[in-house]
Amino acid sequence: MRNNRSGFATMNVLLIILALGFLILDAGLGYKLYVKQRDNVIPHVTIETGSEVTLDLFLKEDLIGSGFITDVSQIDTTVPASYALKVKTFGITRDVVLDIVDTTAPSAEAVPQFVFQDDVPEASETVTNVYDLASVSISYAEEITAPLEGGAYDVAVRLTDAYGNETVVNVPFEVTADVTSPELTVPECIYAYVGGSTSYMEGVEVTDDYDPEPVVEVDLSGVISDTPGVYVITYTATDAHGNSTSKTADLILENMPEVFLERSEVYGMAADVLYNQVLGGESIDGFTDIEVAFRIFNWAYHHIGYTGTSDKSDWTIAAMDGFNTHTGDCYTYYAVCRAMLDVAGIENVRVERYPITTSPHYWNLIKINGQWYHCDACDFADTSGFVFMQIDSELDHHHEFNGATVPGRATVSVQDRLDFSELTMRDE
């Protein structure tokens, strides 16, 4: 019996030792499994905005029983932020941190610009297809202001998102510079009185291809204001970009007459006659300058009776007398025609007989289609009608003059194209 008990005790000891071995082995295996699960979790993860939050971001390998405890479907990944999350792996819960960051610069495409040098587009107009998850501000990399330099070149446009990420897009610019001078029209002759006021801008026209209001300056430095005479004055028109044009005009400075009328009064009378009698109430826009001038001289020829005398104190006096009395001499015809030509906007100057043999004589030189022609409504006994648009070589003995005192005249005759019954001129 003793031997059986001894064997039984030995067996129990062996079983205990074996059980302890298994327990020790299980504990070791369990620890190793714990360490593996612990080291499998990545505690701090950073992703770019717009990325998807997935479990694999936080695990080195996908082990049984792994998953999110936190509901990550509520996370807005388009906005940078930090989140504290919980994950589990094989029954073990771990705390982790998710950082969402924006380090991606905006993207865009250039829109080529074709502009005039004063037209600086908004920076936002120079790019298209702008993309970024955050708001984007658009500006020129370097400030640009008008006028731009002419030519073809690239302009850097900077796009910056709300988190400071930047992209520079080079936008092609083709800039047209203003190199054309203004077009300037000035009267060839201006009459003025010593001591009187003169509107030097009357009859001056200026246009420019880009600048709506070029500046016009008048140089009177060569004029001796208290001495009658013929002086050359210079008009200069300058646009906003410094392009300029200059033209000259003759200033005919005369002594102030003792008696004269305000031009506004004379022009008022002239306008009434021109629009209601000369043009028969029709709009002046329906006539050419030739047709208007033709009718003015025809009206004076037929409505002013020649008496041989007039008040020559000033043309304004003679014109008003002619309109009121319908009588006068050559100076009256000149003055009446001048008043109506001025109202119609047809440039004209006075011509005087030279040399004076028996008596003075006056008539008009008018500018039609860019050329100066002689016109005289005075009714001479030895002529069959009035003079209209004659050149120097066609004038008779009544019209000798000093050509140096008036603008250069046309040299090609138009008499064969004039119709004195219809008061028109045929085209060439």
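In this text the structure is predicted, and so the values were computed from the model without any measurement.

Asks: Please set out the pattern of salt bridges residue by residue, giving values where relevant.
Replies: What the rule picks out here adds up to 8 salt bridges. Ionic pairing is found between D329 and K312, a salt bridge with its closest N-O pair at 2.6 Å. With D329 in the loop between β18 (327-328) and α5 (330-344) and K312 in the loop between β17 (305-306) and α4 (315-325), this residue pair connects regions lying 17 residues apart in the sequence. Under the relative-accessibility criterion, K312 is labelled partly exposed at 37%.

Asks: Talk me through the pairing of strand β4 (residues 92-101); I want residue IDs and the actual numbers.
Replies: As defined by bridge partners, strand β1 (residues 44-48) adjoins β4 across 5 bridges and the pair is classed as parallel. Residue pairing in the sheet places E48 in a bridge with V101 of β4. Sheet analysis places strand β3 (residues 81-89) next to β4, joined by 9 bridges and oriented antiparallel. Its bridge partner being in β4, Y83 is matched across the sheet by L98. Between β3 and β4, which follow one another and run antiparallel, lie 2 residues, and F90 among them has a positive phi close to 55°.

Asks: So, the packing of aromatic side chains: which residues are in play, and what are the values?
Replies: Applying the stated criterion to the full structure yields 13 aromatic pairs. For the ring pair W299 and F323, a centre distance of 6.3 Å and an interplane angle of 45° mean the geometry is tilted. With W299 in helix α3 (residues 289-303) and F323 in helix α4, the pair connects residues that are 24 residues apart, well separated along the chain. Assigned by exposure class, W299 and F323 land together as buried.

Asks: Help me get a handle on the sheet that holds β4, residues and values and all.
Replies: With mixed pairing, the 4 strands of this open sheet are ordered in space as β1-β4-β3-β2. Strands at the two margins of the open sheet, each flanked by one partner only, are β1 and β2 (67-68). In this sheet, β3 lies alongside β2 in antiparallel orientation, the contact comprising 2 bridges. Counted as the bridge partner of F68 is V87 from β3.

Asks: Would you mind going over the sheet that holds strand β21 (residues 371-376) in detail, with residue names and values included?
Replies: Read from one edge to the other, the open sheet built from 4 strands follows the order β19-β20-β21-β22, with strand pairing classed as antiparallel. Edge positions in the open sheet fall to β19 (348-352) and β22 (387-390), since each of these has one partner strand only. For this sheet, the mean inter-axis angle between neighbouring strands, taken without regard to orientation, is 30°. The sheet contact formed by strand β20 (residues 362-368) and β21 spans 5 bridges and is antiparallel. In the strand pairing of β21, K367 is matched with W372. Its contacts with the sheet place α3 against β20, β21 and β22, and it is angled at close to 165° to β20.

Asks: Explain α4 residue by residue, including any values.
Replies: With 8 of its 11 residues buried, α4 lies for the most part within the structure. Residues W315, T316, I317, A318, A319, M320, G322 and F323 constitute the buried set of α4. Contact partners of the buried residues in α4: β12 (189-193), α2 (263-278), α3, β18 and α5. H326 lies just past α4 and shows a positive phi near 60°.

Conventions and cut-offs
Residues numbered from 1 in each chain as written. Predicted model: local features only at pLDDT ≥ 70, side-chain atom pairs only at ≥ 80, totals over all residues. Heavy atoms only, no water. Salt bridge = Lys/Arg side-chain N within 4 Å of Asp/Glu carboxyl O. Helix = DSSP H or I, 4+ residues; strand = E, 2+ residues; numbered from the N terminus. Buried < 20%, exposed > 50% of the residue type's maximum accessible area, 1.4 Å probe, protein only. Pairing = 2+ DSSP bridges. Phe/Tyr/Trp six-rings, centres within 6.5 Å; stacked < 30°, edge-to-face > 60°. Axes fitted to C-alpha atoms, helices over the stretch in contact; angles between N-to-C directions. Contact = heavy atoms within 4.5 Å.

It is worth stressing that arrangement in space is one thing and function is another; only the former is reported here.
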